[in-house]
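# Structure assessment
Here are the chains, one letter per residue:
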Amino acid sequence: MLEAGNAADVAPFVAACGFRPALLEQALARSPATPADLLAARLLPLAPVLRVLLAPVWRAGGLVPRAGAAAADSARPEFRAARPDRDHRRCRVAALPTLVAASLLDIAIGLALLARFRVRAVAIAVMAGYSAILPIAFPVLWAGPFGPLVKNVAVLGLALAVRAGETDHG
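Residues numbered from 1 in each chain as written. Predicted model: local features only at pLDDT ≥ 70, side-chain atom pairs only at ≥ 80, totals over all residues. Heavy atoms only, no water.

A word on the overall build of the protein chain. In terms of regular secondary structure, the protein chain is built from nine helices and zero strands. Helices and strands in the protein chain line up, N terminus first, as α-α-α-α-α-α-α-α-α. Counting over 170 residues, the protein chain shows a buried share of 20%. Look at the contacts in the protein chain between residues 6 or more apart in sequence, and 70% of them connect residues 24 or more apart. Of the roughly 11,700 Å² that the protein chain leaves accessible, carbon and sulfur atoms contribute 70%. (Helix = DSSP H or I, 4+ residues; strand = E, 2+ residues; numbered from the N terminus. Buried < 20%, exposed > 50% of the residue type's maximum accessible area, 1.4 Å probe, protein only. Contact = heavy atoms within 4.5 Å. Areas by Shrake-Rupley, 256 points an atom, 1.4 Å probe, with all protein chains shown as cover.)

And the structure:
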């Protein structure tokens, strides 16, 4: 049918509708795609991928400290040297409930991302909070192995991209 053509006479259509249909190329030329249209077309398919990439970062951020890595790090000499003015016994007592609460929050955010709950704004706020508090409490984290605070910048960017890819209808 495509080779033989399947177009009919447009006269009955023009009489019924009052206008002559344009060829597809002409109609598209009247309203070309804007840079925003092109960007949306390129990024929209990435939205679910970005969400799936971000979720394990949050889950790992909650599971690793729960396994004891962060608690062991907080006892290391460079952490004590970072803030010598603190009473470290009192800090360690307060650190455990804070660590558990932060770990559970991170795990919950990771699971909620996978379940497509709208927690991206919460995740962004939590990441910004961590990035503001931790450098004051432990400035050595900027230079730590695997860049615990440096990675926050990239993760925050990923979270903002996921948030930007959300639509009002789902």
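On the surface, Leu39, Leu43, Leu46, Val49 and Leu53 cluster together into a nonpolar patch covering about 430 Å² of accessible area. Secondary-structure elements contributing two or more residues to the nonpolar patch are helix 3 (35-43) and helix 4 (47-66). Locating Val49 in the fold gives a position in helix 4. (Patch = residues over 30% accessible without salt bridge, like charges linked within 9 Å, V, L, I, M, F, W, Y side chains within 5 Å. Salt bridge = Lys/Arg side-chain N within 4 Å of Asp/Glu carboxyl O.)

Attention shifts here to the packing of aromatic side chains. Following the criterion strictly, the structure yields one aromatic pair and no others. When the centroid spacing of 5.5 Å and the interplanar angle of 85° are considered together, the rings of Phe13 and Phe19 count as edge-to-face. Classification of Phe19 by relative accessible area gives partly exposed; the value is 47%. (Phe/Tyr/Trp six-rings, centres within 6.5 Å; stacked < 30°, edge-to-face > 60°.)

This next bit is on the confidence of the model for the protein chain. With 72% of its residues at a pLDDT of at least 70, the protein chain reaches an overall mean of 75. Mean pLDDT across the elements of the protein chain bottoms out in helix 6 (residues 77-82) (48) and peaks in helix 1 (residues 11-17) (91). (pLDDT = per-residue confidence, 0-100.)

All right, on to the nonpolar core then. Grouped burial of nonpolar side chains is what soluble globular proteins tend to show. With 15 residues, the main nonpolar core has Leu54, Trp58, Ile109, Leu113 and Val119 as its most contacted residues. For this core, the elements supplying multiple residues, two or more each, are helix 4, helix 7 (88-114), helix 8 (120-137) and helix 9 (150-164). (Core = buried A, V, L, I, M, F, W, Y, C linked by side-chain atoms within 4.5 Å.)

Glancing now at the environment of Val155. With respect to the helices, strands and loops of the structure, Val155 is situated in helix 9. The buried category is assigned to Val155, whose relative accessible area is 9%. C-alpha of Val155 to C-alpha of Leu53: the two residues are 102 residues apart in sequence and 10.0 Å apart in space.

We now examine helix 9. Along its 15 residues, helix 9 runs 22 Å from first to last C-alpha, staying within 8% of the 21 Å computed at 1.5 Å per residue. All of the buried residues along helix 9 are Asn152, Val155, Ala159 and Val162. For helix 9, the angular spread of the buried residues around the axis is 80°, confining them to a single face. Projecting away from the buried face of helix 9 at angles above 90 degrees are the exposed residues Val153, Ala154 and Ala164. (Expected span 1.5 Å × (residues − 1). Arc of directions from axis to C-beta.)

With that settled, consider the environment of Asn152. Inspection of the secondary structure puts Asn152 in helix 9. Considered as a pair, Asn152 and Ala128 are 24 residues apart in the sequence and their alpha carbons are 8.3 Å apart.

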